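Listed below are the residues making up each chain.
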Amino acid sequence: MNDRHVMEKVLLSEEEIQKRVGELAQEISRDYVGRELVLLGALKGAIMFLADLSRSITLHHSLDFVGASSYGDGTESSGEVKITKEAALDLKGKHVILVEDIYDTGLTMEALTQHIRSLQPASLEICVLLVKDHPRQFELPIRYAGFHIPDLFVVGYGLDYAQRLRNLRYVGVLRPAAELEAEMGEE
Ligand code: IMP
């Protein structure tokens, strides 16, 4: 797979991402001393971020996953979100950090945080790798934010285009859709 062919540009390099993830992990390690911490990764986009963040946190903590998907006709979200995977751990009384790939409209995060709150954690904060800079329907308090990026469709480091490209070590912007379909269809 030559991913550079489908990429317009690299937005965040592997080095930049790793440095920032290390900083976030340090901050979390300082903030959660003496507290029972659970990192709750949102499937599937947050898995790379979660894996790197978790390995850089110097406190004992647990990992778990939640999942959500928006209802829609495939091209446009209906504005409703379904919880597709509930946490397996009992979150009651735990200090939970929801780890997300990207804060775009905020719809998914809004649904996930509502769901998690209903499980009565002792506290809930959000840690997100990318924040898209544009006006949002759902403004949520983001305690830990990796990078602020322009309002572009990005892929890599967990983020996909048609379920592909999650495995890239960097975050990039794709070439325009028409060219891309031809290219991705080939292989
Ligand atoms: P929301 O709009 O904030 O609810 O984002 C929903 C989900 O859409 C995110 O968790 C991502 O998985 C996906 N998403 C949003 N923007 C992008 C993007 O630029 N690239 C890839 N996936 C995205």
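For the structure, see preceding data.
Predicted, not measured: the structure shown is a model, and the values here were computed from it. (Residues numbered from 1 in each chain as written. Predicted model: local features only at pLDDT ≥ 70, side-chain atom pairs only at ≥ 80, totals over all residues. Heavy atoms only, no water.)

As for the sheet that holds strand β1 (residues 7-12)
Formally: In this description, strands pair whenever DSSP reports at least two bridges between them. The numbering of helices and of strands both runs from the N terminus, where a helix is a DSSP run of H or I of at least 4 residues and a strand a run of E of at least 2.
Pairing within the open sheet is antiparallel, and its 3 strands lie in the order β1-β9-β8. The open sheet has two edge strands, β1 and β8 (154-155), and neither has a second partner. Relative to strand β9 (residues 171-174), β8 runs antiparallel, the two sharing 2 bridges. Paired with Val154 across the strands is Val173, a residue of β9.

Examining the pairing of strand β7 (residues 144-149)
Every regular strand shows the same layout, with side chains that alternate between the two sheet faces. Our working definition: Burial classification: accessible surface area is computed with a 1.4 Å probe over protein chains only, and a residue below 20% of its type maximum counts as buried, one above 50% as exposed, and the rest as partly exposed.
For β7, a buried count of 5 out of 6 residues is recorded, marking the element as mostly surrounded by other parts of the structure. Bridge analysis of strand β6 (residues 123-132) against β7 gives 5 bridges, and the strand direction is parallel. Bridging from a neighbouring strand, Val128 pairs with Ala145 of β7.

Overview of the environment of Ile149
Quick note on the threshold: Any two residues whose heavy atoms approach within 4.5 Å are treated as being in contact.
Looking at the secondary structure, you find Ile149 in strand β7. Residue classification places Ile149 among the buried residues on the basis of a relative accessible area of 3%. For the pair formed by Ile149 and Asp90, sequence separation is 59 residues and the distance between their alpha carbons is 34 Å. If near-sequence neighbours (up to four positions away) are discounted, Ile149 is found in contact with Leu11, Leu12, Ile102, Leu130, Val131, Lys132, Asp133 and Val154.

Overview of the site of the ligand
Put simply, the test is: Consider each residue's heavy atoms; a residue with any of them within 4 Å of a molecule or strand counts as near. Whenever two N or O atoms come within 3.5 Å, that pair is a polar contact, provided that in protein one can donate a hydrogen and the other can accept it, and provided that, for residues adjacent in sequence, both atoms are side-chain atoms. Only the protein chains shown count as cover for residues, and all accessible areas are computed by the Shrake-Rupley method using a 1.4 Å probe. Polar here means any residue outside two lists: the nonpolar Ala, Val, Leu, Ile, Met, Phe, Trp, Tyr, Cys and Pro, and the charged Asp, Glu, Lys and Arg; Gly therefore counts as polar.
Around the ligand, a shell composed of 14 residues is seen, among which Thr105, Gly106, Thr108, Lys132 and Val154 lie nearest. Separating an oxygen atom of the ligand from a backbone N or O atom of Asp104 is a distance of 3.0 Å. Within the side chain of Lys132, a nitrogen or oxygen atom sits 2.9 Å from an oxygen atom of the ligand. Burial of the ligand by the surrounding chains reaches 81%, relative to a free accessible area of 490 Å². Residue contributions to the shell around the ligand peak at 3 residues, all from strand β5 (residues 95-103). The residue inventory of the shell around the ligand, partitioned by class, reads 6 nonpolar, 3 polar and 5 charged.

Keep in mind these numbers describe shape, not what the thing actually does.
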